[in-house]
Every structure is written in C-alpha cells, then in structure tokens.
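Coordinates in review
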Amino acid sequence: MSKRKQNWVISITTLLVIYLFFFPTPTAELAVRKHLFFSLHPIKVFSAQVKGTGSTSFGGAKLYYVGDVSRSYIWVKKNRLGYRVIADGTGP
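Residues numbered from 1 in each chain as written. Predicted model: local features only at pLDDT ≥ 70, side-chain atom pairs only at ≥ 80, totals over all residues. Heavy atoms only, no water.

1. Quick look at the pairing of strand S2 (residues 62–66)
To keep it simple, the criterion reads: Paired strands are those between which DSSP finds at least two bridges. Where helices and strands are cited, they refer to DSSP runs of H or I of at least four residues and of E of at least two residues respectively, numbered from the N terminus.
With three bridges connecting them, strand S1 (residues 50–52) and S2 associate as antiparallel partners. Residue pairing across strands places Val 50 opposite Val 66, the latter belonging to S2. Here four bridges tie S2 to strand S3 (residues 73–78), and the two strands are oriented antiparallel to one another. Within S3, the residue paired with Tyr 64 across the bridge is Ile 74. From the end of S2 to the start of S3, which pair antiparallel, there are six residues.

2. Focus: the confidence of the model for the protein chain
Quick note on the threshold: Every residue carries a pLDDT, the predictor's confidence in it, which falls somewhere between 0 and 100.
Confidence along the protein chain averages 90 in pLDDT terms, with 100% of residues attaining 70 or more. By mean pLDDT, helix H1 (residues 3–22) is the weakest element of the protein chain at 90, and S3 is the strongest at 94.

3. Topic: the nonpolar core
Basically, it comes down to this: In this text, buried Ala, Val, Leu, Ile, Met, Phe, Trp, Tyr and Cys residues form a nonpolar core when linked through side-chain atoms within 4.5 Å. Only protein chains enter the accessibility calculation, which uses a 1.4 Å probe. A residue is then buried if its area is under 20% of the maximum for its type, exposed if over 50%, and partly exposed in between.
Counting 13 residues, the largest nonpolar core has Val 32, Tyr 64, Val 66 and Val 76 as the members making the most contacts within it. Of all the secondary structure elements, the ones that give two or more residues to this core are helix H2 (28–38), S2 and S3.

4. Digging into the layout of surface pockets
Note the following rule: Every definition here rests on a 1 Å grid over the protein atoms only: cavities are sets of points where a 1.4 Å probe fits but cannot get out, pockets are open sets enclosed by protein on both sides within 12 Å along at least five of seven lines, and lining residues have some atom within 4 Å of a point. Grid points are joined across faces, edges and corners, and a volume is the space filled by probe spheres set on the points. In the scheme used here, Gly and all other residues not listed as nonpolar or charged are polar, with Ala, Val, Leu, Ile, Met, Phe, Trp, Tyr, Cys and Pro taken as nonpolar and Asp, Glu, Lys and Arg as charged.
In this structure, the largest pocket encloses a volume near 230 Å³. Together, Val 17, Tyr 19, Leu 20, Phe 21, Phe 23, Pro 24, Thr 25, Pro 26, Leu 30, Lys 34, Phe 37 and Phe 38 line the largest pocket. Of the residues contributing to the lining of the largest pocket, the split by class is 10 nonpolar, one polar and one charged. A volume near 160 Å³ is recorded for the second largest pocket. In this structure, the second largest pocket is lined by Phe 21, Phe 22, Phe 23, Pro 24, Thr 25, Ala 31, Lys 34, His 35, Phe 38, Tyr 83, Arg 84 and Val 85. Residue assignment for the lining of the second largest pocket shows that the elements contributing at least two residues are H1, H2 and strand S4 (83–89). Per element, the largest residue contribution to the lining of the second largest pocket is four residues, and it comes from H2.

5. Comments concerning the sheet that holds S3
Strand pairing in a sheet relies on backbone hydrogen bonds, with the paired strands running either antiparallel or parallel. Quick reminder of the rule: Note on geometry: axes are lines fitted to C-alpha atoms, helical ones only across the stretch in contact, with angles between N-to-C directions running from 0 to 180 degrees.
Taken together, the four strands give an open sheet; going across it, the order is S1-S2-S3-S4, and neighbouring strands pair in antiparallel fashion. The strands lining the two open edges of the sheet, one partner per strand, are S1 and S4. Here the average twist between neighbouring strands, direction ignored, is 30°. Relative to S4, S3 runs antiparallel, the two being bridged by six bridges. Note that in S4 the partner of Trp 75 across the bridge is Ala 87.

6. Quick look at a nonpolar patch on the surface
Threshold: What goes into a patch is any residue over 30% in relative accessible area without a salt bridge, connected to like charges within 9 Å or, for nonpolar side chains (Val, Leu, Ile, Met, Phe, Trp, Tyr), within 5 Å. Surface accessibility in these figures is a Shrake-Rupley result with a 1.4 Å probe; residues are shielded only by whichever protein chains are displayed. Only one rule defines a salt bridge in this text: a Lys or Arg side-chain nitrogen within 4 Å of an Asp or Glu carboxyl oxygen.
A contiguous nonpolar surface patch, about 1,200 Å² in accessible area, is contributed by Leu 15, Leu 16, Val 17, Ile 18, Tyr 19, Leu 20, Phe 21, Phe 22, Phe 23, Phe 37, Phe 38 and Leu 81. Counting residues per element, the ones that place at least two in the nonpolar patch are H1 and H2. Considering every element that reaches the nonpolar patch, the biggest residue donor is H1, with eight residues. With respect to the helices, strands and loops of the structure, Phe 22 is situated in helix H1.

In structure tokens form, the structure reads like this:
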C-alpha cells in the first residue's frame, strides 16, 4: 500500500473513531447501547433489550430501561445533533 493511501486510511479511521466517541447518535436506542458499551458492558450492547418507559420528567429527557445491568434506568435527551445519554441510575 502506498504511503498516500495509508495516510488516507489512517485519517478516515481516526475521524470515524472521534465521531463515535464524541458526537450524539441518530436514535435514542443507539445512544443507550453506546452508553452500555462505554460503561464496560460490551456483551450487553448486543443482548440487552432496551425499553422506553414513556416518562419525560427529567428536563425533557426520555427514560429508558435496560434490565440486565446494575444501573438500569437511563435518561436520553435529544439535541439538534442527535440523542445523548445525560444520566443513569438504579431507579427513576
């Protein structure tokens, strides 16, 4: 592989990783799964069931429930870029 092509691959990969770490996700469920991944539950990302509870009392954020983890209630808020997790805990 040429040096120029290798530089492009490295730069695109770096930009993709930065986007995944720092920017919000397009759906609320993906935001919850991303939070589970960074909370050191990588297997639960694929196996856990994410349920919306319908509650919106925490500053306009929506409450989601994931029954397989210790901090199972997760608040997700939408901004103009997408959805992000703002809080998590053991109960609403």
